[in-house]
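# Working through the structure, step by step
Spelled out from the first residue to the last, the chains are:
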Amino acid sequence: QSALTQPASVSGSPGQSITISCTGTSSDIGAYNYVSWYQQHPGRAPKLMIYDVSNRPSGVSNRFSGSKSGNTASLTISGLQAEDEADYYCSSYTIIGTPVFGGGTKLTVL
Amino acid sequence: EVQVLESGGGLVQPGGSLRLSCAASGFTFSSYAMSWVRQAPGKGLEWVSGISGSGDITYYTESVKGRFTISRDNSKNTLFLQMNTLRAEDTAIYYCAKELSGGWPFDCWGQGTLVTVSS
């Protein structure tokens, strides 16, 4: 199963909104509404930010939102804050019953 | 508090073996599927292996099939990963992760344990 495709980096200024894309295929993102997004700060474990395309776990800010269209999922962060600077990974369930991660996107807050 | 804590990492020679453990607390362990996810130095996340709550169904990424074995002891709330015939490319931080619900979203991660395969 090939990794999902994410941009290597994105950037934005405080207060702005940014969107990170995650492109898969009809065998993963396009087949199920099981897309998750993780935030990882340097030296820390990943943290679940979005699951099932657009659901936020308890405690995650509503500045984070997710969506999906066809084989592409997106994570949008509104009202960008300095603490949002981190690596972000998407993940999807696949037709073989296992998950696959994206390559990761480094978010820089200017 | 829901927690998982990995142990067992270390330095091992190519071709060697290592057994990772993950102690879980704060939730009904047997009710949740669990996985191992690894991250090579400076690289992204890679799902390695998963196991159902009862332990009767296991899953592996292609590159570790036949070399790694995932298991769990629900009486001791512990997850394991037996790693044999280790290769340099297995060098990574190995995270234990709890599945939140179907579709493999992971809502609880450990701090990770470093496995280094080198001569």
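Summarised in this report is the structure supplied together with it. (Residues numbered from 1 in each chain as written. Chains lettered and ligands numbered in written order. Predicted model: local features only at pLDDT ≥ 70, side-chain atom pairs only at ≥ 80, totals over all residues. Heavy atoms only, no water.)

### Thoughts on the interface of chain A and chain B
Rule in force here: In what follows, residue pairs with any heavy atoms lying within 4.5 Å of each other are defined as contacts. Note on terms: buried area is the combined drop in 1.4 Å-probe accessible area of two parts once they are placed together, counting the loss on both. What makes a salt bridge here is a side-chain nitrogen of Lys or Arg within 4 Å of a carboxyl oxygen of Asp or Glu, nothing more. By the criterion applied in these results, polar contacts are pairs of N or O atoms within 3.5 Å in which, for protein atoms, one can donate a hydrogen and the other can accept it, and in which residues neighboring in sequence qualify only through two side-chain atoms. We count a stretch as a helix when DSSP gives it H or I for four or more residues in a row; a strand needs E for two or more, and each element gets its number in order from the N terminus. When residue character is reported, Ala, Val, Leu, Ile, Met, Phe, Trp, Tyr, Cys and Pro are called nonpolar, Asp, Glu, Lys and Arg charged, and the others, Gly included, polar.
The interface is formed by 17 residues belonging to chain A together with 19 residues belonging to chain B. In total, about 1500 Å² of surface goes out of reach between chain A and chain B, with carbon and sulfur atoms giving 67% of it. Sorting the residues of chain A by area buried against chain B places Pro-46, Pro-99 and Phe-101 of chain A first, and these three jointly supply 33% of that buried surface. At the boundary of chain A and chain B, one finds zero salt bridges. At the boundary of chain A and chain B, one finds five residue pairs in polar contact (both at pLDDT 80 or more). The set of elements that each furnish at least two residues to the side of chain A that touches chain B consists of strand S3 (35-40), strand S7 (86-93) and strand S8 (99-101) of chain A. It is S3 of chain A that provides the largest number of residues to the side of chain A that touches chain B, a total of three residues. Here the residues of the side of chain A that touches chain B sort into ten nonpolar, five polar and two charged.

### Remarks on the state of the cysteines
For clarity, the cut-off: Any two cysteine sulfur atoms lying within 2.5 Å of each other are counted as a disulfide. For each residue, the accessible area found with a 1.4 Å probe, counting protein chains only, is set against the maximum for its type, and the residue is called buried under 20%, exposed over 50%, and partly exposed in between.
Following the criterion strictly, the structure yields two disulfides over all chains and no others. At a sulfur-sulfur separation of 2.0 Å, the disulfide partner of Cys-22 of chain A is Cys-90 of chain A. Torsion about the S-S bond of the Cys-22 of chain A and Cys-90 of chain A cystine: about 75 degrees, corresponding to right-handed handedness. Of this pair, Cys-22 of chain A sits in strand S2 (residues 18-23) while Cys-90 of chain A sits in strand S7, placing them 68 residues apart in sequence. In this pair, the class of Cys-22 of chain A matches that of Cys-90 of chain A, namely buried. The side chain of Cys-22 of chain B participates in a disulfide bridge whose partner is Cys-96 of chain B; the two sulfur atoms lie 2.0 Å from each other. Linking Cys-22 of chain B and Cys-96 of chain B, the disulfide has an S-S dihedral of approximately -65 degrees and is accordingly described as left-handed. One end of the pair, Cys-22 of chain B, is in strand S3 (residues 18-25); the other, Cys-96 of chain B, is in strand S9 (residues 92-99), with 74 residues separating them in the sequence. When its relative accessible area of 0% is taken as the criterion, Cys-96 of chain B is described as buried. The closest cysteine sulfur to the non-disulfide-bonded Cys-108 of chain B is located on Cys-96 of chain B, 7.7 Å from its own sulfur. By relative accessible area, Cys-108 of chain B is classed as buried at 9%.

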